[in-house]
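Here is what each chain is made of, one letter per residue.
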Amino acid sequence: MRINRNSKITYLVSFVLLLIIEIVIGVWVKDDFVRPYGGDFLVVILIYCFLMTVTKLSVFRALIAVLLFSFAVEFFQLINIVKVLQYQPPIIVMIILGSSFSAWDLVAYSLGILFTGGIEYFRSLILSKT
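Residues numbered from 1 in each chain as written. Predicted model: local features only at pLDDT ≥ 70, side-chain atom pairs only at ≥ 80, totals over all residues. Heavy atoms only, no water.

From N to C terminus, the protein includes six helices and zero strands. Secondary structure elements of the protein occur, N-terminal to C-terminal, as α-α-α-α-α-α. Split into buried and exposed, the 130 residues of the protein put 32% on the buried side. Nonlocal contacts in the protein, meaning residues at least 24 apart in sequence, comprise 70% of its contacts between residues at least 6 apart. A total accessible area of about 8,500 Å² is found for the protein, and carbon and sulfur atoms account for 74% of it. (Helix = DSSP H or I, 4+ residues; strand = E, 2+ residues; numbered from the N terminus. Buried < 20%, exposed > 50% of the residue type's maximum accessible area, 1.4 Å probe, protein only. Contact = heavy atoms within 4.5 Å. Areas by Shrake-Rupley, 256 points an atom, 1.4 Å probe, with all protein chains shown as cover.)

Taken as a whole and assessed by the stated rule, the structure comprises one salt bridge. Close ionic contact of Glu-120 with Arg-123 constitutes a salt bridge, the shortest N to O distance being 3.2 Å. Residue Glu-120 and its partner Arg-123 are both found in helix α6 (residues 103-129); the two are separated by three residues, about one turn of the helix. Since its relative accessible area comes to 17%, Arg-123 is described here as buried. (Salt bridge = Lys/Arg side-chain N within 4 Å of Asp/Glu carboxyl O.)

Turning our eyes to something else, we now look at the environment of Met-52. Mapped onto the elements of the fold, Met-52 is located in helix α2 (residues 34-54). Aside from chain neighbours lying at most four places away, what touches Met-52 is Arg-5, Lys-8, Tyr-11, Leu-57, Ser-58, Val-59 and Ala-62.

Under the defined criterion, the tally for this structure stands at seven aromatic pairs. Taking 5.4 Å as the distance between ring centres and 45 degrees as the angle between the ring planes, the aromatic pair formed by Phe-15 and Phe-50 counts as tilted. In this pair, Phe-15 is assigned in helix α1 (residues 8-28) and Phe-50 in helix α2, connecting sequence segments 35 residues apart. Here Phe-50 falls in the partly exposed class, since its relative accessible area comes to 42%. Three or more aromatic residues joined by ring pairs make a cluster, and in this case those are Phe-71, Phe-75 and Phe-101. (Phe/Tyr/Trp six-rings, centres within 6.5 Å; stacked < 30°, edge-to-face > 60°.)

Now for the UniProt feature "transmembrane region" (unreviewed entry) in the protein. UniProt records the feature "transmembrane region" (unreviewed entry) at residues 9-28, 34-52, 59-79 and 91-115, using the numbering of this structure. Taken end to end, residues 9-28 is 100% helix and 0% strand, and its two terminal C-alpha atoms sit 28 Å from one another. Structurally, residues 34-52 is divided into 100% helix and 0% strand, and its ends, taken at the C-alpha atoms, are 25 Å apart. (UniProt positions renumbered as here; feature names shortened; annotations may be inferred.)

What follows is the structure in structure tokens.
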């Protein structure tokens, strides 16, 4: 079964809502679970929604692209890419790259992608039956 995309406006609205949630988590949540793992779970969905807003990628390709991107960022943390390149990027790049590798982040990214894929699959399945 082919999974049909939502409208770009749906992805845009989802992106904006998730961005607001991520900002709230980043600014006000200071715990050891929601901020690190909930934020990582949601950030892949955020990136996915943004990608679906600005491209015409299929659902499957976008999910794979976001997962590969998020894994790449995490592995850049593992090798300390900033130190390897001997370059001090702007603070926004440092926030995106993060500062330390965690295998649990890879789990959170994977669960976020699986959740998003499941939502897209079941939404498409329900819409195909109506």
